[in-house]
Amino acid sequence: MAGMRIDPPVIAGEREMLVSWLEWHRATLALKCAGLDREQLVLRSVAPSNMSLLGLVRHMADVERIWFRRVLAGEDAPGIWWTEEQPDGEWENVDPADPEEAFASWHAECDFARRAVEEAPSLDVTGVRHGRDVSLRWILVHMIEEYARHNGHADLLRERIDGSVGE
C-alpha cells in the first residue's frame, strides 16, 4: 500500500470518484508512515497530545471497522484497541504496540471496506448508526473527510520526525 498513490480521476461517476478519493487518502496515510522505524512511528506530536503516526494507523483501522463492519454490515465488531473503559486506547497504548500488527489490522479493515463497497448495489444502501439510517454515500464522504483531517496531522508528524513534507 505504501507509495502506491493514484490520483483520483477529474471526471468520473459519483461512486468511482468517492472510492478513488478514499483510496488516495488511504495511500497517503501509508506513504506518511513509509520507511519509519518503530520509535519514529510512536513518536508523539507535542505535549499534551498523545497523537502519533502509529496511533493514527490504529485509529483509522478502528474507524474503518466502525463504519463498514458495524454500521454498514451490521456486525457486532468491538473496537480493536479501544474499549468503553479506555475510549482512547488506540492513541494511548502505542508504546508497547507492534507496528506490524497495527498495519495488518488496518489493511484487513480496508480490505473488508473495499469488499463491502464493491458488493453494495448502490450508494443508497444504508446501515444503522445510533438508531438512524446512514447511506453508503454519506459513509464514503465521511471517510474521505476523516482521512483528510488525519492526513493533515500525519503531515505535521512526519515533518517533525524527519523533515519530509508533501501532500
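For the structure, see preceding data.
Predicted model only: the values in this text are computed from it and were never measured. (Residues numbered from 1 in each chain as written. Predicted model: local features only at pLDDT ≥ 70, side-chain atom pairs only at ≥ 80, totals over all residues. Heavy atoms only, no water.)

Here we take up the packing of helix α3 (residues 53-72) against helix α5 (residues 99-119). The interhelical angle for the contact between α3 and α5, taken along N-to-C directions, is 30°, at an axis separation of 9 Å. The orientation of α3 with respect to α5, classified from their angle, is roughly parallel. The two elements α3 and α5 meet at a crossing, and its hand is left-handed. Only P99, A102, F103, S105, W106, A108, E109, C110, F112, A113, A116 and V117 of α5 make contact with α3, whose side of the interface consists of L54, V57, R58, M60, A61, E64, R65, F68, R69 and L72. Here the contact of α3 with α5 is composed, by residue class, of 16 nonpolar, one polar and five charged. (Axes fitted to C-alpha atoms, helices over the stretch in contact; angles between N-to-C directions. Helix = DSSP H or I, 4+ residues; strand = E, 2+ residues; numbered from the N terminus. Parallel < 35°, antiparallel > 145°, perpendicular 65-115°, else oblique. Left-handed = near helix turned anticlockwise from the far one by under 90°. Contact = heavy atoms within 4.5 Å. Nonpolar A, V, L, I, M, F, W, Y, C, P; charged D, E, K, R; others polar.)

Pairs can form between side chains of opposite charge once their charged atoms are near each other. The final tally for this structure, using the stated rule, is 14 salt bridges. Across the pair E109 and R69 runs a salt bridge whose closest N-O atoms are separated by 2.7 Å. Of this pair, E109 sits in helix α5 while R69 sits in helix α3; the two residues are 40 residues apart in sequence, bridging distant segments of the chain. Among the residues examined, R69 registers a relative accessible area of 16% and is labelled buried. Residues participating in the shared-partner salt-bridge network are E23, R26, E64, D111 and R114. (Salt bridge = Lys/Arg side-chain N within 4 Å of Asp/Glu carboxyl O. Buried < 20%, exposed > 50% of the residue type's maximum accessible area, 1.4 Å probe, protein only.)

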